[in-house]
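Examining the three-dimensional arrangement
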Amino acid sequence: MLGALSARADRVAENASCVGCHPDIATEWTRSLHRSSWRDPVFQKAYAVEPVAFCRGCHAPESDAAQEPELRAQAVGIGCVSCHVDAAGIHAARANPSAQHAVVVDATLATPKLCARCHEFDFPADSHQLHPQAMQDTVAEHASGDRASTPCQGCHMPVVDGPDGRHRSHSFQVIEDPALLRAAVHIEAQQLDDGVRLTLAAAKIGHAFPTGDMFRRLEVRAKRVDSRGKTIATATPVVLERRFEDRPRDPLAEELDMMRVEAEDTRVPPPGRGSRIVTLALPHAEGRVVWSVVYQRMSTPMAAAFGVSQVLDEVLLAEGTLPPARLYAHGDPR
């Protein structure tokens, strides 16, 4: 995780100097979730429930995590200095002869090790934490798949052209980029006599899907319609997600002390780790099956509690209509 400040005098002011000299990259960063990491409304709702240093360390790394972040650090969020500057100097993944300042060449900036500082961590530990539980496990998922040799930056920081030349994008978009989400999964659908079977496998992605925040999920839906398009029957949706439970740390202890553990993981596995098969039941009848898969940041009840419109917020990944006994595919399996 971040949160460790460098010995340099004023990191927020130093961030402004980065912005002034790298306007094309700064424009991308300004529109990113990294910039709004502290002020993001969904994060603020969650932080109001649990305002702890554990959250501040990643969402406001340019302030002391032991206290509420300063307004200036809130405005920066995860800034240029958060990844590129420490007490040793200004870091870059490779040398740049045209740079107007000294550069510390640090190859880790082009590897998952950099991303792991905020995207790979356990639930907050305490003296009773016997078995650490991953709260976010994206980097380990990536390492377990057959695309581990492609770093996170390969997909999340694509090379783009800007006024100052070619560089890796600093937009860091995921949920704001529906095309990126849709390309992540390959889906095959087959109509059955009593429903539909969908097979979901990783496509253009390097980790499990969805990943990141523990509440992200896919919802798989299906219905049967008649020749006029009228719904005859609707299947019970199937959710693909990490499911957590609170369990006693020590069932034999006199005082009940709970810990959160992952009880089930039904997400699409990382590439090379198999697929996820989902069967949705529909009564046998004449008519077509209409299916869809949507990406959601959280469940509908949680979305309501966070002031998020689930209908407007979810991303449609794929949909299709099946006549009887034919196989259709969506997406690029490569």
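A short tour of the structure in this document, coming up. (Residues numbered from 1 in each chain as written. Predicted model: local features only at pLDDT ≥ 70, side-chain atom pairs only at ≥ 80, totals over all residues. Heavy atoms only, no water.)

**Points about the sheet that holds strand β3 (residues 104-105)**
- The 3 strands lie next to each other as β1-β2-β3, forming an open sheet whose pairing is mixed. Looking at the sheet topology across the chains shown, the edges are occupied by β1 (85-86) and β3.
- As defined by bridge partners, strand β2 (residues 89-92) adjoins β3 across 2 bridges and the pair is classed as parallel. For Ala-92, the partnering residue across the bridge sits in β3 and is Val-105. (Pairing = 2+ DSSP bridges. Helix = DSSP H or I, 4+ residues; strand = E, 2+ residues; numbered from the N terminus.)

**Focus: the packing of aromatic side chains**
- The tally for this structure, following the rule as stated, stands at 6 aromatic pairs.
- Ring geometry for Phe-54 versus Phe-121: centroids 5.5 Å apart, planes at 75 degrees, classification edge-to-face. Of the two residues, Phe-54 sits in helix α4 (residues 53-59) while Phe-121 sits in strand β4 (residues 120-122), which places them 67 residues apart along the sequence.
- Owing to a relative accessible area of 15%, Phe-121 belongs among the buried residues under this scheme.
- Counting every residue linked through ring pairs, the aromatic cluster contains Trp-38, Phe-43 and Tyr-47. (Phe/Tyr/Trp six-rings, centres within 6.5 Å; stacked < 30°, edge-to-face > 60°. Buried < 20%, exposed > 50% of the residue type's maximum accessible area, 1.4 Å probe, protein only.)

**Remarks on the state of the cysteines**
- This model, assessed by the stated rule, comprises 1 disulfide.
- The partner cysteine of Cys-58 in its disulfide is Cys-118, sulfur to sulfur 2.5 Å. On the sign convention where negative is left-handed, the bridge of Cys-58 and Cys-118, at about -115 degrees about the S-S bond, is left-handed. Residue Cys-58 is found in helix α4, and its partner Cys-118 is found in helix α7 (residues 112-119); the two are separated by 60 residues along the sequence.
- Residue Cys-58 is classed as buried on the basis of its relative accessible area, which comes to 8%.
- On the basis of relative accessibility, which here comes to 14%, the residue Cys-118 falls in the buried class.
- The thiol of Cys-18 is not disulfide-bonded; the next cysteine sulfur, from Cys-80, is found 4.6 Å away.
- This cysteine, Cys-115, is not joined by any disulfide, and Cys-152 carries the nearest cysteine sulfur, 3.9 Å off.
- Judged by its relative accessible area of 19%, Cys-115 falls in the buried class. (Disulfide = S-S within 2.5 Å.)

Function-wise, these values are silent; they only describe arrangement.
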